[in-house]
Amino acid sequence: MPDTTPAAPELLSPAGTLKHLRYALAYGADAVYAGQPRYSLRVRNNSFKNEAALAEGIAEARARGKPFYLASNVSPHNDKVRSYLRDLAPIIELRPDALIMSDPGLIMMVRERWPEQPIHLSVQANAVNYATVEFWRRQGIQRVILSRELALEEIREIREKVPAMELEVFVHGALCMAYSGRCLLSGYMNHRDANQGACTNACRWDYKPVAARADDSGDLIPVRENPSLLVAEPNDPGRAIALHEDEHGTYIMNSRDLRAVQHVQALADMGVHSLKIEGRTKSVYYAARTAQVYRRALNDAAAGRPFDMALMDDLEALSHRGYTEGFFRRHPPQAYQHYEAGTAKLGSQQLVAEVIDADDHWLTLAVKNRFELGDEVLLISPGGNRRWRLDALENRQGEAIRVAPGDGHVVRVPRPDGPDDAALGFAMLARCLPH
């Protein structure tokens, strides 16, 4: 009988820069994605700004035998429709493994001009049911990136109803308060349209409540004492915005970050093709650590090992805005409840250095943040992690020092047992913060 066991899902990591790409792949990502200049939803923070940069990124991924997907998922107005095929033509020549697209008009144009180019349907298209997925299958789409608003059972049903379609699911990263990113808040408040790639993340700013009352015309005006509220915008202190809240929550508000490492096994078992990490604007440290943790979860799932709750702690230690498992389950089991509320490990690690050289006894580090003798540190590498208390520190001349002051300095620390020279090429040092 043929083997009907689902293939292990692809681990897909963000590549906001060439360095992100290299570290994500080194730490276990199976594929990476980046944005097309002018036509993705991360235009403001995209280091792949031209054809030459993209060519280098695609070539590096291909040399490692890894797919490189290109986000081309803008919601275009007429001016971008007119220029789209012209700007895409030289990029098609680079042969990205797939274009990630959301606009039906642009998809139609690409299908007519380059019928052999694989296309993945972006999460921006909000595919939330099996009929929609079947529709896109009939249009020649290779993969659908499902909307973040789906429960596990809904994903399972889509997989069963449309078995010929590849499915991709977001498992980690920032969440939008709008329907999978279709948000007008940034455009309304700051005249930078999120759907054109210029989101200012206005939902995540630190707003301050201002008491208000309604005047004769119904407008809210600031007052000293009143139950109605306005929020003051930090970038424009003289301006206040009405804050409306109902039983579902406050709408100008920061969502927690998604973390679904505990669902890797379930998603793998149901045959999801790709598990995606959000974060093209996050740090290299974030790209490496998330790839490392989700790689371990995938390896454990493939080997039939039970889920390791320590992976939750590893992700908890990264800087984040609090975690949620989103819409996957309405009520997490008791074992996960304290993680939903956050744990004492929240943000308990800080990147302090990158390894730039090594010999048999010492690691040479490019310092990123201050650390000192006596700190508990964690050496992170593709070959494994090692934690110890720092008992020696030297400057680049070999002189003993007590403090690595910060960015721009080069220091040396003793080399711990474990990672080989190849793994140390992508190694980083984190300081374990007290909590």
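Residues numbered from 1 in each chain as written. Predicted model: local features only at pLDDT ≥ 70, side-chain atom pairs only at ≥ 80, totals over all residues. Heavy atoms only, no water.

Where an unreviewed UniProt entry is consulted, the protein appears under the name Protease, with the organism given as Alloalcanivorax profundimaris.

### Some thoughts on the packing of helix α1 (residues 18–26) against helix α2 (residues 51–63)
If you want to describe how two helices pack, look at the angle between their axes and the distance between the axes. Applicable threshold: Each axis is a line fitted through C-alpha atoms, taken for helices only over the stretch in contact, and angles between the N-to-C directions span 0 to 180 degrees. Numbering of helices and strands starts at the N terminus; helices are DSSP runs of H or I of at least 4 residues and strands are runs of E of at least 2. The labels follow the angle: roughly parallel below 35 degrees, roughly antiparallel above 145, roughly perpendicular from 65 to 115, and oblique for the rest. By the convention used here, residues are in contact when the closest approach between their heavy atoms is within 4.5 Å. Amino acids outside the nonpolar list (Ala, Val, Leu, Ile, Met, Phe, Trp, Tyr, Cys, Pro) and the charged list (Asp, Glu, Lys, Arg) are all regarded as polar, and Gly is one of them.
Two elements in contact, α1 and α2, have axes whose closest approach is 10 Å; the angle formed by their N-to-C orientations is 10°. Here α2 runs roughly parallel to α1, going by the angle between their axes. Along its contact with α1, which presents L18, L21, R22 and L25, the element α2 presents E56, G57, E60 and A61. Grouping the amino acids of the contact of α1 with α2 by side-chain chemistry returns 4 nonpolar, 1 polar and 3 charged.

### Considering empty space enclosed by the protein
Quick note on the threshold: Cavities and pockets are found on a 1 Å grid laid over the protein atoms alone: a cavity is a set of points where a 1.4 Å probe fits but cannot escape, a pocket is an open set with protein on both sides within 12 Å along at least five of seven lines, and a lining residue has an atom within 4 Å of such a point. Grid points are joined across faces, edges and corners, and a volume is the space filled by probe spheres set on the points.
Enumeration according to the criterion identifies 1 cavity of 30 Å³ or more in this entry. The space that makes up the largest cavity amounts to roughly 90 Å³. Lining the largest cavity are 13 residues, and of these S147, R148, V169, F170 and F328 lie nearest its centre. The residue inventory of the lining of the largest cavity, partitioned by class, reads 9 nonpolar, 2 polar and 2 charged.

### Digging into the sheet that holds strand β20 (residues 376–381)
Formally: A pair of strands counts as paired when DSSP detects no fewer than two bridges linking them.
Spatially, β21-β20-β25-β17-β18-β24-β22 is the arrangement adopted by the 7 strands of the open sheet, whose pairing is antiparallel. The sheet terminates laterally at β21 (384–389) and β22 (394–395), the two strands that pair on one side only. Across 2 bridges, the pairing between β22 and strand β24 (residues 410–414) is antiparallel. Pairing of E394 across the sheet is with R412, part of β24. Sitting on the sheet, helix α9 (residues 284–303) touches β17 (349–358), β20, β21 and β25 (428–432), and the angle it makes with β20 is about 75°.

### A look at the pairing of strand β2 (residues 31–35)
To keep things clear, this is the line we draw: The rule is simple: take the accessible area with a 1.4 Å probe, protein chains only, and divide by the maximum for that residue type; under 20% is buried, over 50% is exposed, in between is partly exposed. A clockwise course of the path from the first strand over the helix to the second, judged with the strands pointing away from the viewer, identifies a crossover as right-handed.
With 5 of 5 residues buried, β2 lies mostly within the body of the structure. Alternating residues of β2 divide into A31, Y33 and G35 and V32 and A34, and every residue in both groups is buried. Here strand β1 (residues 10–14) runs beside β2; their pairing, made up of 3 bridges, is parallel. Its bridge partner being in β2, L12 is matched across the sheet by A31. The handedness of the β1 to β2 crossover, carried by α1, is right-handed. In this structure, β2 lies alongside strand β3 (residues 68–71), joined through 4 bridges in parallel fashion. Opposite Y33, over in β3, you have Y69 as the bridge partner.

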